[in-house]
Structure formats: C-alpha cells, structure tokens
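# Residue-level structural notes
Here is how the chains run, residue by residue.
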Amino acid sequence: MKNMPKISSLIDKAVFDYELIKNGDKILIGASGGKDSTALIEYFGMRLKRPDCGFKVKALNIQSDFAPPFPAEIRKYIENSGVLFESINVDVLKRVKENQKMSCWWCSTQRRTELLNYALANGFNKIALGHHLDDILETFLMNMTEKGNISTMVPKMKYNKWPVEIIRPLCYISESRLVEHAKKCGYYGFTCTCNFQDNSTRKSAREKLEFLTSGDEKIKQRMFNALKNVQLEYLP
C-alpha cells in the first residue's frame, strides 16, 4: 500500500495479533462512505492483490431512508480498489416503535442487523467494521462512566447465535492518523448527518479521552494495552 505504509503495517499487525483473517474467509465490509470504512476497504483492496490472498471480500452500504446519498466519488474510489461494492436501502424510520425516540444508536443497530442478515443470506462468515483505536477507548470510557462496567468494542467478536464474527482491523490506528491519510488521498470530509443525531455521550467521552491523552498516540496505545492487562487482585 504505497500511500499508507504505516496504516497498512498497523492493520497487518492487528490481523496477525488477533487472527482476524484466515484462508477461506468470506468477509463483508460495512461501508459508510466515511474515512474509516474507506481506509479499511482500501486495505482489503491491497490485500486482494497479494499472491497469498486466500479470502473473498465485498463492501456493503446500508442506505437509510433519511441519510445523505452515498458519495459518488467514494463509490468510484472503492470500485477502483478492486473491492466489490453494493448499496441497499433500508427504511429505518418505519421500524421506530410507538413512543420510541429515533437516535444514532437505533439507526446503528438497524444497519448492523442488515449487515448481519446480508452476511447470513450470502455466506459471509465475517463482518469487518471501521472502528478505530479512539472509538474503542471512547466506548471504554462511556461504559465505565455511564454504565458502571468495564467493557468496550473488541477486535474480534463471535456471535453466539450465528456463524458470523465481527472483526475490527483498525483497532491499532488512531483517528488522527486516519484523518491525515484520508486528506492525503482526497476522500476526507463525508460524514453521516441527519436531524436525529444525539452524540452528546460520545462527544463527552471524546473530550475525556483528549484530556487524558492530549492526543498522544503512544498514551492511547498504552490505554488499549491496559485493557488486556487487568490486575484483578488489585480491583475491589
């Protein structure tokens, strides 16, 4: 990956450390059009060109009824990477129950459900998501301060009910590194915007993470490593 050697090596390391990709895998990538999933698709496009590639991959966009259209330039970028791409429409608003408030969490849940349904119907055994290092640490802080538990997104998660795994190959990569790369490649700027966004909790967690780390990638990596180095004898 000529334009992203550091990002490529960090994803390769995550893939090796957590055994995220194996020969024979059929991987479905969640494509939002944002910088994170686009960088992930770019990586898989590079992997497809390696002589030792032993897996299949496809990018899927879940287009909600109120989200802006998937950017044409991002779609072209994906297709040029060699990764197959498809977009399907989902009426998220129609699924909101009476007296239920529409939210980012609800929309995300519905889009994740559609990814899972598509994977099961089409023989995909893994779903790759573009959550990065900051996402994982922010979720950790959110769960700790809002829910009173120590948990977060994990690099690899297997569903108990279905033969599908969730993988997060960007788990070692900070958001600032992804922003820098996306700007260099010319696909930075697209975000999901709608009238139902309520990210106050996520924004608060982001501010806490920035305060704790001052944006230092090494400190963020140590925080991530701490999640794997729990000293139970020193916890109440």
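Read on for a plain summary of the structure. (Residues numbered from 1 in each chain as written. Predicted model: local features only at pLDDT ≥ 70, side-chain atom pairs only at ≥ 80, totals over all residues. Heavy atoms only, no water.)

Looking now at the state of the cysteines. Applying the stated rule across the entire model yields zero disulfides. There is no disulfide at Cys53, and the cysteine sulfur nearest it, in Cys171, is 20 Å away. (Disulfide = S-S within 2.5 Å.)

Before going further, it helps to spend a moment on the sheet that holds strand 5 (residues 156-158). With respect to topology, six strands assemble into an open sheet ordered 3-2-1-4-6-5, the strand pairing being mixed. Two strands bound the open sheet, and with one partner strand each, they are strand 3 (84-90) and strand 5. Sheet twist, expressed as the mean angle between neighbouring strand axes with direction ignored, is 25°. Judged from the three bridges that link them, strand 4 (residues 126-128) and strand 6 (residues 165-167) form a sheet pairing that is parallel. Opposite Lys126, over in strand 6, you have Glu165 as the bridge partner. Sheet contacts for helix 4 (residues 104-121): strand 1 (26-30), strand 2 (56-64), strand 3, strand 4 and strand 6; angle to strand 2, the most-contacted strand, approximately 140°. (Pairing = 2+ DSSP bridges. Helix = DSSP H or I, 4+ residues; strand = E, 2+ residues; numbered from the N terminus. Axes fitted to C-alpha atoms, helices over the stretch in contact; angles between N-to-C directions. Contact = heavy atoms within 4.5 Å.)

It is worth spelling out the nonpolar core at this point. If you look at the biggest cluster of nonpolar residues, it comprises 44 residues, and the most contacted ones within it are Ile27, Ile29, Phe44 and Phe224. Every element with two or more residues in this core is listed here: helix 1 (5-18), strand 1, helix 2 (35-48), strand 2, helix 3 (72-81), helix 5 (133-147), helix 6 (175-185) and helix 8 (217-226). (Core = buried A, V, L, I, M, F, W, Y, C linked by side-chain atoms within 4.5 Å. Buried < 20%, exposed > 50% of the residue type's maximum accessible area, 1.4 Å probe, protein only.)

Moving on, we get to the pattern of salt bridges. Side chains that carry opposite charge are capable of pairing whenever their charged atoms lie near each other. In the structure shown here, the tally under the stated rule is 12 salt bridges. For Asp12, the salt bridge is made with Arg50, and the minimal N-O distance between the two is 3.0 Å. Of the two residues, Asp12 sits in helix 1 while Arg50 sits in the loop between helix 2 and strand 2, which places them 38 residues apart along the sequence. Residue classification places Arg50 among the partly exposed residues on the basis of a relative accessible area of 25%. Of the charged contacts, one joins Glu79 and Arg75 as a salt bridge, the two residues approaching to 3.3 Å between their closest N and O atoms. Taken together, the positions of Glu79 and Arg75, both in helix 3 and four residues apart, correspond to about one turn of that helix. A residue is classified by how much of its surface remains accessible, and Glu79, at 44% relative accessible area, is partly exposed. (Salt bridge = Lys/Arg side-chain N within 4 Å of Asp/Glu carboxyl O.)

Further remarks concern the environment of Glu180. Relative to the helices and strands, Glu180 resides in helix 6. Separated by 145 residues in the primary sequence, Glu180 and Lys35 place their C-alpha atoms 9.9 Å from one another.

It is worth spelling out the environment of Leu115 at this point. Note on placement: Leu115 falls in helix 4. Overall, Leu115 belongs to the buried group, its relative accessible area being 7%. Excluding its chain neighbours within four sequence positions, the residues that come into contact with Leu115 are Leu28, Gly30, Leu60, Ile62, Ile127 and Leu129.

A few words now on the side chain of Lys58. Relative to the assigned elements, Lys58 resides in strand 2. A relative accessible area of 16% places Lys58 in the buried class. A polar contact is formed between the side chain of Lys58 and the side chain of Glu86, at a distance of 2.6 Å. Polar contacts involving the side chain of Lys58 include one to the side chain of Tyr118, which spans 2.7 Å. The contact partners of Lys58, leaving out residues within four places of it in the chain, are Ile27, Leu28, Ile29, Val83, Leu84, Glu86, Tyr118 and Phe124. (Polar contact = N/O pair within 3.5 Å; in protein donor to acceptor, adjacent residues only side chain to side chain.)

Here we take up helix 6. Turning to helix 6, its buried residues are Leu178, Val179, His181, Ala182 and Cys185. Viewed along the axis of helix 6, the buried residues span an arc of 170°, placing them on a single side of the element. Among the exposed residues of helix 6, those oriented more than 90 degrees off its buried face are Glu180, Lys183 and Lys184. Residues of helix 6 that are buried sit in contact with helix 1, helix 2 and helix 3. (Arc of directions from axis to C-beta.)

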